[in-house]
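Architecture at a glance
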Amino acid sequence: MLKVGVLGASGRMGQTVVSALSQSENAKLTAAVVRAASSSYGKKLKDGLQYTSLQDTNAQNIDVLIDFSLPEALDDNLSFACENGIPIVVCTTGLDNNHQQQLMKASEDIPLLYARNTSVGIALLEQLVALASAALSTADIEIFEAHHKHKKDAPSGTAIALGEAAAKGRHQDWSTVNTGVRGDGVRQDDSIGFSVMRAGDIIGEHQVTLATEGERIELSHKVSNRNTFAQGAVNAALWLQDQKPGYYSMQDILELNKVFNQLLKQ
Ligand SMILES: NC(=O)C1=CN([C@@H]2O[C@H](COP(=O)(O)OP(=O)(O)OC[C@H]3O[C@@H](n4cnc5c(N)ncnc54)[C@H](OP(=O)(O)O)[C@@H]3O)[C@@H](O)[C@H]2O)C=CC1
Ligand SMILES: O=C(O)C1=N[C@H](C(=O)O)C[C@H](O)C1
C-alpha cells in the first residue's frame, strides 16, 4: 500500500485527494500537510490523522508526496522532498521561470512529475492540439479557459500547456508566439492568445480554436468533478514510486507519444 503525503491538504484539491485516497485499494493517506498558520493546522481528519505542517511531518511515513498547494509553498515543499528522498507529484500552477528551474533542479535528485492538469483528457488533448497545429500550419490559434471565481492564476496552467503543445506542433519557440491574455490591437500572424473567464463554481474548461478563412476547428475539454484530477494525481503517485530520479509528465504515464507515433506510421 503506497503511503501518500498530501501538501495543501486543506484546499479544494487537497481535500479531494484525501477523499480519493480513503477509497483507494493501492494507496493511503499518511500525512496531510498545511501551513503552520493555517486554520486547519492541528485539526483532526476522519481516520485519526491530523493536519501537520512540514516542520512536524514524519517523512519516514511517506513514500510519495502529492502537491496541490500554491506557488509560494513550492520552495519548502521541494526542499522537504529532496532532503528526505521522497518522489513528488507537483500539481500546482501559476509557477514562474524560477519555480520551473527549481523543479528541474529537484528532479536531479528525486523522481518528480509535474502536471498542470492530471486528467487523462488533457494529456490526450495536448497531443491532438500538436497534431492539428502541425497539420493546419497557417491556422490562427486561440485558447479559451474558464474556471471558478476563487482561482488565482490566469491563464490557467493547462491553457499554457496547450499553447506550448500548439507551438511545438509547428516547431515554434513558445516564448516568441505566446501573446498572453489578449487585449487591444490587431492579431499578429503566428501569435497564440488567451481569453479567460472566472465565474461561479466552474471546475475547469479549455478550448483551443484553429481558424482559417471560412472554417475553424474547436478542440475542447470540460471537467465536471474534481475527482478526475485527484484520481489522476493518485495514479501519477503510484507510477512515480518506481521511477529513477528525473523529470516526468502525464505523457510518460499514459505513453501517448508511443500511440501517436504508431498511428502516424500507418
Ligand atoms: N494539476 C491539476 O490537475 C490541478 C491543479 N490545480 C492547482 O492546484 C493548486 C491548488 O488549487 P486549489 O485546491 O483549488 O486551491 P486552494 O486555495 O483551495 O488550496 C490551496 C492549499 O494551499 C495551502 N496554502 C496556501 N498558502 C500556502 C503557503 N504559503 N504555504 C503552504 N501552503 C499554502 C492552503 O492551505 P491553508 O490556507 O489552509 O494553509 C490550501 O491547502 C492551484 O495552483 C491550482 O491551479 C487545481 C486543480 C487541478
Ligand atoms: O485552479 C484550478 O481549479 C485548476 N487549475 C489547473 C490549471 O490551472 O490548469 C487545472 C484545472 O483546470 C483546475
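Predicted model only: the values in this text are computed from it and were never measured. (Residues numbered from 1 in each chain as written. Chains lettered and ligands numbered in written order. Predicted model: local features only at pLDDT ≥ 70, side-chain atom pairs only at ≥ 80, totals over all residues.)

Tallying secondary structure elements over the chain gives nine helices and 12 strands in all. By the compact-globule yardstick of 18 Å for 266 residues, the chain fits well, its C-alpha radius of gyration being 19 Å. The proportion of buried residues among the 266 residues of the chain is 37%. Across the chain, contacts joining residues at least 24 apart in sequence account for 69% of those joining residues at least 6 apart. (Helix = DSSP H or I, 4+ residues; strand = E, 2+ residues; numbered from the N terminus. Rg over C-alpha atoms; globule rule 2.2 N^0.38 Å. Buried ≥ 20, exposed ≤ 12 C-beta atoms within 10 Å, placed from the backbone. Contact = placed C-beta atoms within 7 Å.)

Where strand 1 (residues 2-7) and strand 2 (residues 27-33) come together, six bridges link them in parallel fashion. Looking at the pairing, Val4 lines up with Leu29 of strand 2. A crossover connection joins strand 1 to the parallel strand 2 through helix 1 (residues 12-22); in handedness this β-α-β unit is right-handed. Bridge count for strand 1 against strand 4 (residues 64-67) is four bridges, and the pairing is parallel. Within strand 4, the position partnered with Val4 by the bridge is Val64. (Pairing = 2+ DSSP bridges. Right-handed = clockwise from strand over helix to strand, strands pointing away.)

This next bit is on the UniProt feature "domain: Dihydrodipicolinate reductase N-terminal" (unreviewed entry) in the chain. Taking the UniProt record as the reference, the feature "domain: Dihydrodipicolinate reductase N-terminal" (unreviewed entry) is found at residues 3-117. With 27% helix and 22% strand, the stretch residues 3-117 has end C-alpha atoms that lie 22 Å from each other. (UniProt positions renumbered as here; feature names shortened; annotations may be inferred.)

Next up on the list: the site of ligand 1. In the neighbourhood of ligand 1, 25 residues make up the surrounding shell, with Gly8, Gly11, Met13, Ser38 and Ala73 lying closest. The dominant element in the shell around ligand 1, judged by the number of residues it contributes, is helix 1, at three residues. Looking at the shell around ligand 1 residue by residue, the classes come out as nine nonpolar, 12 polar and four charged. (Near = placed C-beta within 6 Å. Nonpolar A, V, L, I, M, F, W, Y, C, P; charged D, E, K, R; others polar.)

Quick look at the UniProt feature "domain: Dihydrodipicolinate reductase C-terminal" (unreviewed entry) in the chain now. Under the feature "domain: Dihydrodipicolinate reductase C-terminal" (unreviewed entry), the UniProt entry names residues 121-254. The distance from the first to the last C-alpha atom of residues 121-254 is 11 Å, and the span holds 38% helix and 30% strand.

Attention now goes to the site of ligand 2. Around ligand 2, the structure places Thr93, Arg116, Asn117, His147, Lys151, Ser156, Gly157, Thr158 and Gly204. Looking at the shell around ligand 2 residue by residue, the class counts come to no nonpolar, seven polar and two charged.

Moving on to helix 7 (residues 227-240). Taking 1.5 Å per residue as the helical rise, helix 7 with its 14 residues ought to reach 20 Å, and the 19 Å between its terminal C-alpha atoms agrees with that figure. Three or more residues of helix 7 are buried, namely Phe229, Ala230, Gly232, Ala233, Val234, Asn235, Ala236, Ala237 and Leu240. (Expected span 1.5 Å × (residues − 1).)

Quick look at the packing of helix 2 (residues 74-83) against helix 3 (residues 97-106) now. Where helix 2 meets helix 3, the axes come as close as 11 Å, and the angle between the chain directions of the two elements is 0 degrees. When the axes of helix 2 and helix 3 are compared, the pair comes out roughly parallel. For the pair helix 2 and helix 3, the contacting residues are Leu74, Asp75, Leu78, Ala81 and Cys82 in the first and His99, Gln102 and Ala106 in the second. Classifying every residue of the contact of helix 2 with helix 3 gives five nonpolar, two polar and one charged. (Axes fitted to C-alpha atoms, helices over the stretch in contact; angles between N-to-C directions. Parallel < 35°, antiparallel > 145°, perpendicular 65-115°, else oblique.)

This part covers the sheet that holds strand 9 (residues 192-198). Read across the open sheet, the five strands follow the order 8-9-7-10-11; overall the sheet is mixed. Looking at strand neighbours, the two that pair on one side only are strand 8 (178-181) and strand 11 (215-223), the edges of this open sheet. For this sheet, the mean inter-axis angle between neighbouring strands, taken without regard to orientation, is 15 degrees. As paired strands, strand 10 (residues 204-212) and strand 11 are joined by nine bridges and run antiparallel to one another. Pairing of Ala211 across the sheet is with Arg216, part of strand 11.

Our next topic: the nonpolar core. One finds Val6, Val17, Ile66, Val89, Ala233 and Ala237 to be the most contacted residues of the largest nonpolar core, which totals 63 residues. Domain assignment of the residues forming this core places at least three in each of domain 1 (2-114 + 227-255) and domain 2 (120-223). Look past the residues within four positions of Ala233 in its chain and what remains in contact with it is Val17, Ile66, Val89, Cys91 and Thr118. (Core = buried A, V, L, I, M, F, W, Y, C linked by C-beta atoms within 7 Å. Domains from an automatic or database assignment.)

Moving on, we come to the environment of Gly94. By the secondary structure assignment, Gly94 is in the loop between strand 5 (88-90) and helix 3. The spatial distance from the C-alpha of Gly94 to the C-alpha of Ile160 is 9.9 Å, given a sequence separation of 66 residues.

Moving on, we get to the sheet that holds strand 1. The sheet built from seven strands is open, its strands ordered 3-2-1-4-5-6-12 with parallel pairing. Two strands in the sheet have a free side with no partner beyond their single neighbour: strand 3 (51-52) and strand 12 (246-248). Judged from the three bridges that link them, strand 4 and strand 5 form a sheet pairing that is parallel. When the sheet's bridge partners are listed, Asp67 is paired in strand 5 with Val90. Running at roughly 145 degrees to strand 6 (residues 111-114), helix 3 makes contact with strand 5, strand 6 and strand 12 of the sheet.

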